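Structure assessment
Listed below, chain by chain, are the residues.
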Amino acid sequence: PVLLGCGSAQPGGCPALCECSEPAKTVKCVNRNLTAVPPDLPPYVRSLFITGNPLTDLPAGAFPAQRLPDLASLNLSGNHLRTVEAGSLALPALRQLDLSGNALVSFSPQAFGGGGSPLEELALRGALRDHGVLLSLAALLQSGALRNLSRLELADNGLLLLPAGMFTALPALRQLDLSNNSLVGLRNVSFQGLGQLQSLNLSDNSLGVLVNSTLAQFRSLPALRHIVLGHNTWVCDCAIEDLVAWLKESDQVEGKEALTCASPDKMLGKALLKISGSDLNCSVPTDLPSQLQTSYVFLGIVLALIGAIFLLVLYLNRKGIKKWMHNIRDACRDHMEGYHYRYEINADPRLTNLSSNSDV
């Protein structure tokens, strides 16, 4: 047994530097200084922990599907993973995947293979510091390869904005964690189609306001009953009126009594639920972009109407305009003939003398 523990494992055995429990169907390779996934993982494994290792790359076939048909839970957190290649996670029974605490720089949208994956839980806490990885993840989610995903954790990633339509192909999603990022707005984020979403964590971000379109999406999700908005930088000016009204009528927000203003100074620390119209003293429309857009549309309609009237007037007076143009042409032609006659006289000395004698 000692010799086997130091070398390669036999079929159904345990890899070197790992701890295995066949009754529990579990293999743990924790803090073992591994630089690659052990190639001799036992086929009975259902829960695999490879954490705290200097593992940098997941190549295609890192977890052979034929050898690991029952692997359902894979924890790869706290390694040094940078690259997740196509086909590296194509496991037929994979339900839970944890890639938290890695510094990913490349994440293939085909990491789970060409078809759909049965994955239900995906944790990427602190693993999406590179913007390119975020875009790759968005492409993966939008492709529909993870339609069974019910829990998605994207906390602690310093995210400022999310790619548009990132969550539109996740109909089974129930829990979405976006906490402890730097999100400044959700204008381009669509929650449409997330009919089963139950929990949304937006705490510890940099949200200043939630616009009407976002609030309308929250209202339209029938299962959404747990929204966390604490520790955001709410700007309590006229633009926050809709958010305050929604908070007062909604039962979706947890701990809404503790939400307070971060600016301006005169409103600092004031509870959002206690804000009234007199506090804001709004004298201008709150949705200026919409007002400007409406004004531009109205201006365009007016200009088009004026142009149509002008063309109609020209059409109705086409004969008179044509006669007027002919008169101008004839007048210009007579004027130019006079100039031409004078030029000929000035150019011929004989005609010049004749003209002078005639004058005398």
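Residues numbered from 1 in each chain as written. Predicted model: local features only at pLDDT ≥ 70, side-chain atom pairs only at ≥ 80, totals over all residues. Heavy atoms only, no water.

Looking at an unreviewed UniProt entry, one finds the protein named TPBG protein and attributed to Toxostoma redivivum.

**Quick look at the packing of helix α3 (residues 212-220) against helix α4 (residues 241-249)**
Worth spelling out the cut-off: Helix axes are fitted to C-alpha atoms over the stretch in contact, other axes to C-alpha atoms as well, and angles between N-to-C directions run from 0 to 180 degrees. What counts as a helix is a DSSP run of H or I of at least four residues, what counts as a strand is a run of E of at least two, and both are numbered from the N terminus. Each angle is binned into one of four classes, with values under 35 degrees roughly parallel, values over 145 roughly antiparallel, values of 65 to 115 roughly perpendicular, and all other values oblique. The sense of a crossing depends on the near helix, which, turned anticlockwise from the far helix by less than a right angle, makes the crossing left-handed and, turned clockwise, makes it right-handed. Throughout, a residue-residue contact means that at least one pair of heavy atoms, one from each residue, lies within 4.5 Å.
Closest axis-to-axis distance for the α3/α4 pair is 10 Å, and the angle between their directions is 20°. The angle between the axes of α3 and α4 places the two elements in the roughly parallel class. Here the hand of the crossing between α3 and α4 comes out left-handed. Facing α3, whose interface residues are Asn212, Leu215, Phe218 and Arg219, α4 presents Asp242, Leu243, Trp246 and Glu249.

**A look at the sheet that holds strand β13 (residues 226-228)**
So the rule is basically this: Pairing between two strands requires that DSSP report at least two bridges joining them.
Judged by pairing direction, the sheet is mixed, and its 11 strands sit side by side in the order β1-β2-β3-β5-β7-β9-β10-β11-β12-β13-β15 without closing on themselves. The open sheet has two edge strands, β1 (19-21) and β15 (253-254), and neither has a second partner. As paired elements, β13 and β15 share two bridges and run parallel to each other. Residue pairing for β15: Ile227 is matched across the bridge by Val253.

**Some details on the pattern of salt bridges**
Put simply, the test is: We define a salt bridge as a side-chain nitrogen of Lys or Arg found within 4 Å of a carboxyl oxygen belonging to Asp or Glu. Only protein chains enter the accessibility calculation, which uses a 1.4 Å probe; a residue is then buried when its area is under 20% of its type maximum, exposed when over 50%, and partly exposed in between.
A complete count under the given rule lists nine salt bridges for this structure. In this structure, Glu153 engages Arg151 in a salt bridge whose closest nitrogen and oxygen atoms are separated by 2.9 Å. You can call Glu153 buried: its relative accessible area is 9%. Its salt-bridge partner being Asp330, residue Arg329 comes within 3.7 Å of it at the nearest N-O pair. Several salt bridges share partner residues, and in doing so they unite Arg125, Arg151, Glu153, Asp156 and Asp177 into one network.

**A closer look at the pairing of strand β2 (residues 26-30)**
The pairing of β1 with β2 spans three bridges and is classified as antiparallel. Residue pairing in the sheet places Cys20 in a bridge with Val27 of β2. Connecting the antiparallel pair β1 and β2 is a turn made up of four residues, with Lys25 showing a positive phi of about 60°. Pairing between β2 and strand β3 (residues 47-51): five bridges, direction parallel.

**Notes on the sheet that holds strand β6 (residues 83-84)**
Pairing is parallel across the open sheet formed by three strands, whose spatial order is β4-β6-β8. Two strands in the sheet have a free side with no partner beyond their single neighbour: β4 (57-58) and β8 (106-107).

**Quick notes on a nonpolar patch on the surface**
The following threshold applies: To count toward a patch, a residue needs a relative accessible area over 30% and no salt bridge; like charges are then connected within 9 Å, while nonpolar side chains (Val, Leu, Ile, Met, Phe, Trp, Tyr) are connected within 5 Å. Residue-level accessible areas treat just the shown protein chains as cover; the underlying method is Shrake-Rupley with a 1.4 Å probe.
Together, Phe310, Leu311, Leu314, Ile321, Trp324, Met325 and Ile328 make up an exposed nonpolar region whose accessible area comes to about 690 Å². Within the residue set of the nonpolar patch, elements represented by two or more residues are α6 (288-316) and α7 (318-347). Per element, the largest residue contribution to the nonpolar patch is four residues, and it comes from α7. Given a relative accessible area of 52%, Phe310 falls into the exposed group.

**Quick look at the packing of aromatic side chains**
Under the convention used in this document: In this scheme Phe, Tyr and Trp rings, the latter by its six-membered ring, pair at centre separations within 6.5 Å, and the angle between planes marks the pair as stacked below 30 degrees, edge-to-face above 60, and tilted otherwise.
By the definition in use, this model includes two aromatic pairs. When the ring of Phe218 is compared with that of Trp246, the centres are 5.8 Å apart and the planes differ by 40°; the resulting orientation is tilted. In this pair, Phe218 is assigned in helix α3 and Trp246 in helix α4, connecting sequence segments 28 residues apart. On the accessibility criterion, Phe218 (0% relative accessible area) is buried. Look at Trp246 and you get buried, because its relative accessible area is 1%. By way of ring pairs, the aromatic residues Phe191, Phe218 and Trp246 are connected into one cluster.

**Concerning the UniProt feature "transmembrane region" (unreviewed entry) in the protein**
Test applied: UniProt positions are given in the numbering used here, feature names are shortened, and annotations may be inferred rather than shown by experiment.
In the numbering used here, UniProt assigns the feature "transmembrane region" (unreviewed entry) to residues 296-316. Each end of residues 296-316 is marked by a C-alpha atom, and these two atoms are 30 Å apart; helix forms 100% of the span and strand 0%.

**Here's the deal with the state of the cysteines**
Spelled out, the test is: Counting rule for disulfides: a pair of cysteine sulfur atoms within 2.5 Å.
In this structure the tally under the stated criterion is three disulfides. A disulfide bridge connects Cys14 with Cys20, and the sulfur atoms are separated by 1.9 Å. In this structure, the disulfide formed by Cys14 and Cys20 twists by about 75° around the S-S bond and is classed as right-handed. According to the relative accessible area criterion, Cys20 is partly exposed, its value standing at 28%. A disulfide bridge connects Cys18 with Cys29, and the sulfur atoms are separated by 2.0 Å. Taking the sign of the S-S torsion, about 105° here, the bridge from Cys18 to Cys29 comes out right-handed. Highlighted residues: Cys18 in the loop between α1 (2-6) and β1 and Cys29 in strand β2, separated in sequence by 11 residues. Classification of Cys18 as buried rests on a relative accessible area of 12%. Note on Cys29: relative accessible area 0%, which makes it buried.

**As for the nonpolar core**
To keep it simple, the criterion reads: Remark: nonpolar core denotes a set of buried residues (Ala, Val, Leu, Ile, Met, Phe, Trp, Tyr, Cys) joined through side-chain atoms within 4.5 Å.
Ranked by internal contacts, the top residues of the largest apolar core, which has 82 residues, are Phe63 and Phe167. For this core, the secondary-structure elements that each account for two or more residues are β2, β3, α2 (131-142), α3 and α4. A per-element tally of this core places α2 first, with six residues. Leave out the neighbours within four places in its chain, and Phe167 touches Leu152, Leu154, Leu162, Leu176, Leu178, Val189, Ser190 and Leu194.

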